[in-house]
Amino acid sequence: FHPKIDYDKRKKSTLTRWNIRPLIEVTQSKENKLTTPLLAGFFEGDGGFKEGLAVHKRSKQGFQICPTLNFSQKEKSLLENIQFYLENYLNIKTYKKIYEKNKIHELRIVQTDSVKRFIEIFIPYLIGNKYKQAQLLYKLILWKENGGLSTKYGFLKAMKIADQISILKKSSTPRKYD
């Protein structure tokens, strides 16, 4: 799975499986040892997707979708390096504050455009359930962008996709839509 791209008309700035290698080589320096494949492996182990589907009375449809990515780690400095890499090398906006709960730090990507860009860049490196979750979350984002959430039917379809993501996360808590 990868985003649909017209390969004859694509812009040079479009990052795909085929033209991301130069980006990795440029960013691999003595000061910053992070690379996109390394970060994808870290995300596989200590990262996660949240589909963020909720009732929202102030929105036009009465509900909203807020896809989120998170990296969790005990070492805050590692998350700061990841944050720097994502923002400065890959142009992915992260939430400025790194949260701490029970001595575990969490870095979040909350803007829909940044979540979409993360998936487009990292999906070639993801495997297993994270790969499937990325596919579904990307589908959910495209559904939102194309106006699929403007009806109650659209919201029900989005809930179905969100439930599939939850099942892949092996979530034991049932989802509530009250």
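Residues numbered from 1 in each chain as written. Predicted model: local features only at pLDDT ≥ 70, side-chain atom pairs only at ≥ 80, totals over all residues. Heavy atoms only, no water.

Structural notes on the nonpolar core
Threshold: We define a nonpolar core as any set of buried Ala, Val, Leu, Ile, Met, Phe, Trp, Tyr and Cys residues linked to one another through side-chain atoms lying within 4.5 Å. Exposure is judged per residue with a 1.4 Å probe applied to protein chains only, and the accessible area is read against the type maximum: over 50% gives exposed, under 20% gives buried, and values in between give partly exposed. Only DSSP runs of H or I covering at least 4 residues are called helices, and only runs of E covering at least 2 are called strands; the numbering of each starts at the N terminus.
By size, the foremost hydrophobic cluster in this structure holds 36 residues, and its most contacted members are Phe-71, Ile-82, Leu-86, Phe-118, Ile-119, Phe-122 and Leu-137. If you list the elements that add at least two residues to this core, you get helix H2 (36–46), strand E4 (68–73), helix H3 (76–89), strand E6 (104–109), helix H4 (112–122), helix H5 (128–145) and helix H6 (152–168). In terms of residue count, H5 provides more of this core than any other element does, 6 residues in total.

Focus: H5
Heads up, the rule is: For a helix, the expected span equals 1.5 Å multiplied by the number of residues minus one.
For H5, spanning 18 residues, the distance from its first C-alpha to its last is 26 Å, which sits close to the expected 26 Å at 1.5 Å a residue. When we look at burial in H5, the residues that qualify are Lys-130, Gln-133, Ala-134, Leu-136, Leu-137, Tyr-138, Leu-140 and Ile-141. Just downstream of H5, Gly-147 is the residue with a positive phi angle, here 80 degrees.

With respect to the packing of H2 against H4
Spelled out, the test is: Inter-axis angles, ranging from 0 to 180 degrees, are taken between N-to-C directions of lines fitted to C-alpha atoms, where helices are fitted over the stretch in contact. Convention used here: angles under 35 degrees read as roughly parallel, angles over 145 as roughly antiparallel, angles from 65 to 115 as roughly perpendicular, and any remaining angle as oblique. Here is the rule for handedness: rotate from the far helix to the near one, and if that takes an anticlockwise turn smaller than a right angle the crossing is left-handed, while a clockwise turn gives right-handed. What makes two residues a contact is simply this: any of their non-hydrogen atoms within 4.5 Å.
For the pair H2 and H4, the least separation of the axes is 10 Å and the interaxial angle reads 110 degrees. Viewed along their axes, H2 and H4 adopt a mutual orientation that is roughly perpendicular. H4 is crossed by H2, and the crossing has left-handed handedness. Touching Thr-36, Leu-39, Ala-40 and Phe-43 of H2 are Phe-118, Ile-121 and Phe-122, all from H4.

Some remarks on the packing of H2 against H3
Axis separation between H2 and H3 bottoms out at 12 Å; the angle between their running directions is 130 degrees. With respect to their mutual orientation, H2 and H3 come out oblique. For the pair H2 and H3, the crossing hand works out as left-handed. Where H2 approaches H3, its residues Thr-36, Leu-39 and Phe-42 are matched on the opposing element by Leu-78, Ile-82, Tyr-85 and Leu-86.

As for the packing of aromatic side chains
Cut-off, in case you're wondering: Each pair of aromatic rings taken from Phe, Tyr and Trp, with Trp reduced to its six-membered ring, is defined by centres within 6.5 Å and is described as stacked if the planes are under 30 degrees apart, edge-to-face if over 60, and tilted in the remaining cases. Two thresholds decide whether a charge sits over a ring: the Lys NZ or Arg CZ must be within 6 Å of the ring centre and within 35 degrees of the ring normal.
Counted under the stated rule, the structure contains 9 aromatic pairs. Relative to Phe-71, the ring of Phe-42 has its centre 5.9 Å away and its plane inclined at 15 degrees; by these criteria the two rings are stacked. On the criterion of sequence distance, the pair formed by Phe-42 in helix H2 and Phe-71 in strand E4 is long-range, its members being 29 residues apart. You'll find Phe-42 and Phe-71 in the same group, each marked buried. On the numbers, 5.7 Å between centres and 15 degrees between planes, the contact of Tyr-95 with Tyr-99 is stacked. For Tyr-95, a relative accessible area of 36% gives the class partly exposed. One aromatic cluster is present, built from ring pairs that chain together Phe-42, Phe-43, Phe-49, Phe-71, Phe-118 and Phe-122. The ring of Tyr-99 has Arg-108 lying over it, and the distance from NZ or CZ to the ring centre is 4.0 Å. Of note, Lys-130 hangs over the ring of Phe-43, and the distance from its end group to the ring centre comes to 5.9 Å.

Things to note about H2
What counts here: Here the arc refers to the set of directions running from the helix axis out to each C-beta atom.
If you check which residues of H2 are buried, you get Thr-36, Leu-39, Ala-40, Phe-42 and Phe-43. The buried side chains of H2 occupy one side of the element, clustering within an arc of 160 degrees when seen end-on.

What about the sheet that holds strand E5 (residues 99–101)?
For clarity, the cut-off: For two strands to count as paired, DSSP must find a minimum of two bridges between them.
Taken together, the 4 strands give an open sheet; going across it, the order is E1-E4-E6-E5, and neighbouring strands pair in antiparallel fashion. Since the sheet does not close on itself, it has two edges, and those belong to strand E1 (47–50) and E5, each with one partner. When strand polarity is set aside, the average angle formed by the axes of neighbouring strands in this sheet is 30 degrees. Sheet analysis places E1 next to E4, joined by 4 bridges and oriented antiparallel. When the bridges of E4 are listed, Lys-50 appears paired with Thr-68. Docked against the sheet, H2 engages E1 and E4, running at close to 85 degrees with respect to E4.

Side note on the pattern of salt bridges
To keep things clear, this is the line we draw: In what follows, salt bridge is the name for a side-chain nitrogen of Lys or Arg lying within 4 Å of a carboxyl oxygen of Asp or Glu.
All chains considered together, the criterion is met by 2 salt bridges. A salt bridge links Glu-106 to Arg-108, with the nearest nitrogen and oxygen atoms 2.5 Å apart. On the accessibility criterion, Glu-106 (14% relative accessible area) is buried. With its nearest N and O atoms 3.0 Å apart, the salt bridge here joins Lys-116 to Glu-145. In this pair, Lys-116 is assigned in helix H4 and Glu-145 in helix H5, connecting sequence segments 29 residues apart. Looking at Lys-116, the relative accessible area reads 17%, which means it is buried. In this structure Glu-145 comes out as partly exposed when scored by relative accessible area, which is 39%.

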